[in-house]
Amino acid sequence: MLDEPEAGLSFMTQIKLANLLAELRDDGIQVLMATHSPILTATPGARIIELDDDGLHSRAWKDLMTVALYRRFLADPGYFGLE
């Protein structure tokens, strides 16, 4: 089980971890992970379950709230008050 494994990891290190997780999956190893990282949730073959105010829901990566927030930020940091 991994709890927020992206804490302290750079962008590229998160990508390396996602690839390692995919290799583990290929070897038949299951990993349960809690994360806010859109990079780690993009791990190939991952089953993604998002927790929101209405409970637990299976989601596609593109439909995750964290992905939407990162996209919004990258498109316009000023939207979040950063100018």
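Every chain is numbered independently, its residues counted from 1 as its sequence is written. Confidence filtering applies because this is a predicted model: local features only for residues at pLDDT of at least 70, side-chain atom pairs given and counted only at 80 or more, and all residues used for totals across whole chains, interfaces and linings. Only hydrogens and water are removed before side-chain values are computed, so all heavy atoms of the structure are retained for them.

## Here's the deal with the overall build of the protein chain
Okay, so step 1: Numbered from the N terminus, helices here are DSSP runs of H or I no shorter than four residues, and strands are runs of E no shorter than two. Looking only at helices and strands, the protein chain features two helices and four strands.
Okay, so step 2: Reading the secondary structure of the protein chain in the N-to-C direction produces β-α-β-β-β-α.
Okay, so step 3: For the protein chain, the spread of C-alpha atoms along the principal axes amounts to about 45 × 30 × 20 Å.
Okay, so step 4: Restricting to contacts in the protein chain with at least 6 residues of sequence separation, those with at least 24 account for 35%.
Okay, so step 5: A 1.4 Å probe and the Shrake-Rupley method give the accessible areas. Residues count as covered only by the protein chains that appear here. Approximately 6,300 Å² of the protein chain is accessible, and the part contributed by carbon and sulfur atoms is 58%.
Okay, so step 6: Computing the positive centroid from 7 side-chain charges and the negative centroid from 13, the protein chain places the two 7 Å apart. Throughout, a contact is declared for two residues whenever any of their heavy atoms are within 4.5 Å. When charges are tallied, Lys and Arg are placed among the positive residues and Asp and Glu among the negative ones, while His and the ends of the chain are skipped. We put the charge of a Lys on NZ, of an Arg on CZ, of an Asp on CG and of a Glu on CD.

## Focus on the environment of Leu51
Okay, so step 1: By the element assignment, Leu51 lies in strand β3 (residues 49–52).
Okay, so step 2: Separated by 13 residues in sequence, Leu51 and Leu64 have C-alpha atoms that sit 10.0 Å apart.

## Some details on the pairing of strand β4 (residues 55–58)
Okay, so step 1: Paired strands are those between which DSSP finds at least two bridges. In terms of strand pairing, β3 meets β4 through four bridges, oriented antiparallel. If you follow Leu51 over to β4, its bridge partner there is Leu56.
Okay, so step 2: Linkage of β3 to β4, two consecutive antiparallel strands, is achieved through a turn of two residues.

## Structural notes on the pattern of salt bridges
Okay, so step 1: Any Lys or Arg side-chain nitrogen located within 4 Å of an Asp or Glu carboxyl oxygen qualifies as a salt bridge. Within this structure, the stated rule accounts for four salt bridges.
Okay, so step 2: Ionic pairing is found between Arg59 and Glu50, a salt bridge with its closest N-O pair at 2.8 Å.
Okay, so step 3: For the exposure calls, accessible area comes from a 1.4 Å probe over protein chains only, and a residue counts as buried if that area is under 20% of its type's maximum, exposed if over 50%, partly exposed in between. Since its relative accessible area comes to 14%, Glu50 is described here as buried.
Okay, so step 4: Between Arg59 and Asp52 there is a salt bridge whose closest N-O contact spans 3.1 Å.
Okay, so step 5: For Arg59, a relative accessible area of 28% puts it in the partly exposed group.
Okay, so step 6: For Asp52, a relative accessible area of 28% translates into the label partly exposed.
Okay, so step 7: Among the ionic contacts, a cluster of salt bridges with common partners joins Glu50, Asp52 and Arg59.

## Considerations on the packing of aromatic side chains
Okay, so step 1: Here the aromatic set is Phe, Tyr and Trp, taking the six-membered ring for Trp, and pairing holds for ring centres within 6.5 Å; pairs whose planes are under 30 degrees apart are stacked, those over 60 apart are edge-to-face, and all others are tilted. Applying the stated criterion across every chain yields a total of two aromatic pairs.
Okay, so step 2: Ring centres 6.1 Å apart and planes at 50° place the aromatic pair Phe73 and Phe80 in the tilted group.
Okay, so step 3: On the basis of relative accessibility, which here comes to 40%, the residue Phe80 falls in the partly exposed class.
Okay, so step 4: Plain terms: the ring middles of Tyr79 and Phe80 are 5.2 Å apart, the flat faces sit at 85° to each other, and that makes the pair edge-to-face.
Okay, so step 5: By way of ring pairs, the aromatic residues Phe73, Tyr79 and Phe80 are connected into one cluster.
Okay, so step 6: The ring of Tyr79 has Arg72 lying over it, and the distance from NZ or CZ to the ring centre is 3.5 Å. Sitting over a ring, as applied to charges here, requires NZ of Lys or CZ of Arg to be within 6 Å of the ring centre and within 35 degrees of the ring normal.

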